[in-house]
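Remarks on the overall topology
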Amino acid sequence: MKHHSLIFLTGFSGSGKSTIGPLLANSLGYGFIDLDQEIESKAGKSITKIFAEEGEQAFRNLELETLRQLTGKKELVVSLGGGVLENNDCYGLIRENGTLVYLKSSPRSLARRLCNKTDRPLLKGEHGKRLSREEIELKISTILEKREPRYATADLNVQTDIKRIGFTVEELTRKIIRFVRQAEQARLKQQSDNNREKQ
Ligand SMILES: Nc1ncnc2c1ncn2[C@@H]1O[C@H](COP(=O)(O)OP(=O)(O)OP(=O)(O)O)[C@@H](O)[C@H]1O
Ligand SMILES: O=C(O)C1=C[C@@H](O)[C@@H](O)[C@H](O)C1
Ligand SMILES: [Mg+2]
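Counting from 1, residues in each chain are numbered in the order their sequence is written. Labels are handed out in written order, letters beginning with A for the chains and numbers beginning with 1 for the ligands. Per-residue local features are limited, in this predicted model, to residues with pLDDT of at least 70; the limit for side-chain atom pairs, both in listing and counting, is 80 or more; totals at the level of whole chains, interfaces and linings are taken over all residues.

Taken together, Ser13, Asp36, Ile47, Gly81, Gly82, Gly83, Arg120, Pro121 and Leu122 make up all the residues around ligand 2. Grouping the constituent residues of the shell around ligand 2 by class yields three nonpolar, four polar and two charged. By definition, a residue lies near a molecule or strand provided its backbone-derived C-beta atom is within 6 Å of it. Amino acid classes used here: Ala, Val, Leu, Ile, Met, Phe, Trp, Tyr, Cys and Pro are nonpolar; Asp, Glu, Lys and Arg are charged; the rest, including Gly, are polar.

Next comes the structure, spelled out in structure tokens:
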């Protein structure tokens, strides 16, 4: 059964899923899981190492396998990896089991946040070469254009470009509480309508 209080945070690398996720979970009184961290502890190595030693496809398989273990959970915030929604099975599983929330940020802000990080394998150049901020922004724009249509199907979204992290958490807490309450009311109404029809 779908639980609307199973919250999946999506968005590009650097949109703040891992930063905001635990704060949001705390604010809602929900549990928290970071899918990337879960995969790293299951595999016993970093994502960078998984990509280097086993390839991207092996990582994508681990994403699906790890997501499957979350079906049926409730009152839980899950910070997804930035590319999970590209996989149709992962996308279907997320839509069928919970609420999708999009942290939206521009390529410029994302590049500013990520240009000094070395642990995002997709944002490196050939042979793992480090890219300049301008090159990263261009790469982000290209990948984001491909991913945006799926991100845009989220139930709720929030702009994170210029907002302080605390404001984003407050805004999301309000939106999620309202959304989960309305979804639950609609579900109860549907249930009582069905019961009435049967009588
Ligand atoms: N709203 C924000 N405002 C300013 N800086 C932010 C914001 N969100 C995240 N950051 C900074 O950007 C960096 C990356 O954030 P984070 O790791 O949370 O992104 P992510 O969405 O989980 O990325 P990934 O998909 O790669 O896991 C961190 O250093 C974080 O402090
Ligand atoms: O954008 C992506 O495809 C990725 C984002 C990160 O969260 C990690 O899941 C990994 O580095 C791949
Ligand atoms: Mg993250």
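Moving on, we come to the site of ligand 1. Lining the immediate surroundings of ligand 1 are 17 residues, of which Ser13, Gly16, Ser18, Thr19 and Gly82 lie closest. For the shell around ligand 1, the secondary structure elements donating two or more residues are helix 1 (17-28) and helix 8 (165-198). Secondary structure counts use DSSP, requiring at least four H or I residues in a row for a helix and at least two E residues in a row for a strand, with both numbered from the N terminus. When residues in the shell around ligand 1 are grouped by element, the largest group, three residues, is from helix 1. The residue inventory of the shell around ligand 1, partitioned by class, reads one nonpolar, twelve polar and four charged.

UniProt positions are given in the numbering used here, feature names are shortened, and annotations may be inferred rather than shown by experiment. Residues annotated in UniProt with the feature "binding site: Mg(2+)" (unreviewed entry) correspond here to Ser18. With respect to the helices, strands and loops of the structure, Ser18 is situated in helix 1. Residue burial here comes from a neighbour count, namely the number of other C-beta atoms, placed from the backbone, that lie within 10 Å of the residue's own C-beta, with 20 or more meaning buried, 12 or fewer meaning exposed, and in between meaning partly exposed. Using a count of 17 C-beta atoms within 10 Å as the deciding quantity, one classes Ser18 as partly exposed. With C-beta atoms placed from the backbone, a contact is any residue pair whose C-beta atoms sit within 7 Å. In contact with Ser18, not counting residues within four places along its chain, are Asp34 and Ser79.

Counting buried positions over the five residues of strand 1 (residues 6-10) gives five, a clear majority of the element. Neither face of strand 1 is left uncovered, since the one carrying Leu6, Phe8 and Thr10 and the one carrying Ile7 and Leu9 both have all their residues buried. Strand direction decides the pairing type here: strand 1 and strand 4 (residues 99-104), joined by four bridges, are parallel. When the sheet's bridge partners are listed, Leu9 is paired in strand 4 with Val101. At least two DSSP bridges between two strands are needed for those strands to be called paired.

What follows covers helix 2 (residues 35-43). Here helix 2 has its buried residues at Leu35, Asp36 and Ile39. With its buried residues spanning 100° around the axis, helix 2 presents them on a single face. Against the buried residues of helix 2 lie strand 2 (31-34), helix 3 (47-54), helix 4 (56-68) and strand 3 (76-79). Directly beyond the C-terminal end of helix 2, a positive phi value near 70° is found at Gly44. In this description, one arc is meant: the one made by directions from the helix axis to the C-beta atoms.

Let us now look at the pairing of strand 4. Extensive coverage of strand 4 is indicated by the burial of five of its six residues. Two strands pair when backbone bridges link them, and strand 4 and strand 5 (residues 156-159) are joined in this way by four bridges, in the parallel orientation. Within strand 5, the position partnered with Lys104 by the bridge is Gln159.

Once that is clear, we can look at the UniProt feature "binding site: substrate" (unreviewed entry) in the protein. Those residues carrying the UniProt feature "binding site: substrate" (unreviewed entry) are Asp36, Arg60, Gly82 and Arg147 in this numbering. With respect to the element layout, Asp36 can be found in helix 2. Asp36 gets classed as buried once you count the C-beta atoms within 10 Å, which come to 22. If we ignore the near neighbours within four places in the chain, the residues touching Asp36 are Ile47 and Gly81. With respect to the helices, strands and loops of the structure, Arg147 is situated in helix 7 (residues 133-151). With sequence-adjacent residues up to four places away left out, Arg147 is seen in contact with Phe12, Leu85 and Glu86.

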